[in-house]
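# Summary of structural features
Residues per chain are reported as follows:
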Amino acid sequence: MATTETRGPEGDAQKEQGIGLGLLQGLSVTLRTMLKRSVTVQYPHVKPDLPARTRGVIALKEANCTVCYKCSRECPDWCIYIDAHKETHEPAGGGRARSAKILDRFAIDFALCMYCGICVEVCPFDALFWSPEFEYSEYDINDMVHERDRLEEWTYTVLPPPALEEGAEPPEGGGS
Amino acid sequence: MILAQTSAVDTTFSNYWVALVIKAAVVLIIFLVVPLAVGYMEHKVLAHMQARLGPMEAGGFHGWAQLMADGAKFIQKEDVVPAAADRAVFSIAPGVALVPYLVVLVVIPFGGDIFALNLDIGIFFVLAMSSIGVLGVLMAGWSSANKFSLMGALRAAAQLIAYELPLVLAAAAAVMLAGTLSLVGIVEAQQNIWYVIPLFPLFLVFMVAAVAELTRPPFDMPVADSEIIFGAYTEYTGLKFAFFLLSEYGGIVVMSAVASVLFLGGFLPLPGLSLIPGPIWMFGKIFALSFVIVWLRATFPRLREDQLQRFAWIKLVPVTLLWILGVAFVKVATG
């Protein structure tokens, strides 16, 4: 049961090991693996235990959004749809009217999204971030456009960030 | 010696035809059920050796019905025959691959008087039949009109020629020790000592050659999927493909059965455990050897074609011949 035609330094090493010893080692590895518990998570029955920063889906915290359109402009495949209108408020104490942008629609087409995370990266007020949710597939590709209610729901399951590793640089801006 | 010349079925049913039908039915049931069990074992063992679980859903409990579900799926598949294929040969090839193993099962003894047929030339019959299977592979490869299929078939044929010799020689040594060609006789001759002990190297040779004959990993060059898609079975779909799969698992069962008859004392119990009946021992040994065959698949990478041929002709054949010579000397010396 020895290997044929051994060449070079590996061949010599194999000869030192003795004929067939390597084969027996291989057999013992597979046997020991068989006797160990398998690592499979039975997904539909058991939910997977995902890390806190899993990039499952992009979620939107609407209260933080200032409708700056940065995300939709940076998006490489233009999968973010934003509609907004301007409202002007007369300040109670008089003076110039202030205008504010009100979000009418925020939707991400996850059939187009390639999960590059650029929108999360550019968002100046952390309105967009990654959520560990991943069960949002649909039977119709048109239903893959998820509106802001759904995007908001996904923020609920975002876990707090894991503690920094020892010796890591402190985060910029001291946290927000 | 408790040598029983007639089958228990024949002694129970005096009518020849009734006994014949019962024997045929039992052999067919064994041929359809045991390979499925071995296939399921392969699913599970292979999975656990890779830290997976394998089938878990079909049938509810640990996916026990997976292979039946697979079978149902194969039946529903479209039966595609390539336009350039030789239709008739293409269609009968799966049968030619499958039937020999079914026929071999007829002479396998599962107990002192539990067998369908006790041929005087039993082992000869087994070896002759088991090498017909490759003819089906060759027919499949040729009639597919596909270069990959043809290459796979020729590799299978070359492999069979190379490994048939050590297989037959290893079996011959057991036959020499037993002094009979009958499978029941060979088992009965192992009452004192299982032949795996005096003939241990030949047992290894037999298992290696059997794995090679079945074109199972690490000797699966004929179906090397990274090189020639699936060898001779490339063009097959549906039920015909399922027949080839069944013949592979049937082959595992038959080869394990023959190896346990020749070397592991067949239906004979281990000392002190004679309360457990013979058929259970026989099935236990079949499953143990099938497990080893699956274990080899999980562990070893595929041999290259030239390594495979070299291994058979330069290593296995001389070792086997030397050992046979030794056996012959011992046999003559002890009278």
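This section reports on the structure supplied with the text. (Residues numbered from 1 in each chain as written. Chains lettered and ligands numbered in written order. Predicted model: local features only at pLDDT ≥ 70, side-chain atom pairs only at ≥ 80, totals over all residues. Heavy atoms only, no water.)

### Here we look at the overall build of chain A
Rules: Going along the chain from the N terminus, every DSSP run of H or I of four or more residues is numbered as a helix, and every run of E of two or more is numbered as a strand. Any residue under 20% of the maximum accessible area for its type is buried, any over 50% is exposed, and the rest in between are partly exposed; the area is computed with a 1.4 Å probe on protein chains only. Here a residue-residue contact requires only that any non-hydrogen atoms of the pair lie within 4.5 Å.
The helix and strand tally for chain A stands at five helices and five strands. For chain A, the α and β elements follow one another from N to C terminus as α-α-β-α-β-β-α-β-β-α. Burial statistics for chain A: of 176 residues in total, 25% are counted as buried. Counting only contacts in chain A whose residues sit at least 6 apart along the sequence, the fraction spanning at least 24 positions is 67%.

### A look at the nonpolar core
Defined as follows: Among buried residues, those of type Ala, Val, Leu, Ile, Met, Phe, Trp, Tyr and Cys that are joined through side-chain atoms within 4.5 Å constitute a nonpolar core.
Grouped together as the largest cluster of nonpolar side chains are 84 residues, with contacts concentrated most on B:Ile108, B:Ile123, B:Tyr163, B:Phe206, B:Leu262 and B:Phe263. It is helix α11 (residues 238-263) of chain B that contributes the most residues to this core, 12 residues altogether. Not counting residues within four places of it along the chain, the set of residues in contact with B:Ile108 comprises B:Phe115, B:Leu183, B:Ala257, B:Val258 and B:Met282. Counting 25 residues, the second largest nonpolar core, distinct from the first, contains A:Val67, A:Cys71, A:Phe106 and A:Leu151.

### Details of the state of the cysteines
Residue and element names in this part refer to chain A. What counts is decided by this rule: In what follows, a disulfide is any cysteine sulfur pair within 2.5 Å.
Across all of its chains, the model carries zero disulfides over all chains by this definition. A disulfide-free cysteine, Cys 71 has its sulfur positioned 6.1 Å from the sulfur of Cys 68, the nearest such atom. Not engaged in a disulfide, the cysteine Cys 113 finds its nearest cysteine sulfur in Cys 79; these two sulfurs lie 4.5 Å apart. You can call Cys 113 buried: its relative accessible area is 11%.

### Some remarks on a nonpolar patch on the surface
Residue and element names in this part refer to chain B. Test applied: The patch calculation keeps residues exceeding 30% relative accessible area without a salt bridge and links them within 9 Å when they carry like charges or within 5 Å when they are nonpolar (Val, Leu, Ile, Met, Phe, Trp, Tyr). Areas reported here follow the Shrake-Rupley algorithm with a probe of radius 1.4 Å; residue values treat only the protein chains shown as occluding. Whenever a carboxyl oxygen of Asp or Glu lies within 4 Å of a side-chain nitrogen of Lys or Arg, that contact is scored as a salt bridge.
Together, Leu 270, Leu 273, Leu 275, Ile 276 and Ile 280 give the surface a local cluster of nonpolar side chains, amounting to about 490 Å² of exposed area. By the secondary structure assignment, Ile 280 is in helix α12 (residues 278-299). Judged by its relative accessible area of 51%, Ile 280 is exposed.

### Observations concerning the interface of chain B and chain A
As a reminder, the rule being used: Note: buried area is the sum, over both parts, of the accessible area (probe 1.4 Å) each one loses when the two are combined.
The interface is formed by 22 residues belonging to chain B together with 16 residues belonging to chain A. When chain B packs against chain A, the two sides together hide about 1800 Å² of surface, and 66% of this comes from carbon and sulfur. When the buried area of chain B at its contact with chain A is split by residue, B:Ala51, B:Trp295 and B:Phe300 rank highest and sum to 26% of it. Along the contact surface separating chain B from chain A lie zero salt bridges. Where the side of chain B that touches chain A is concerned, the elements lending two or more residues are α2 (16-49), α12 and α13 (305-333) of chain B.

Shape descriptors only; they carry no functional weight alone.
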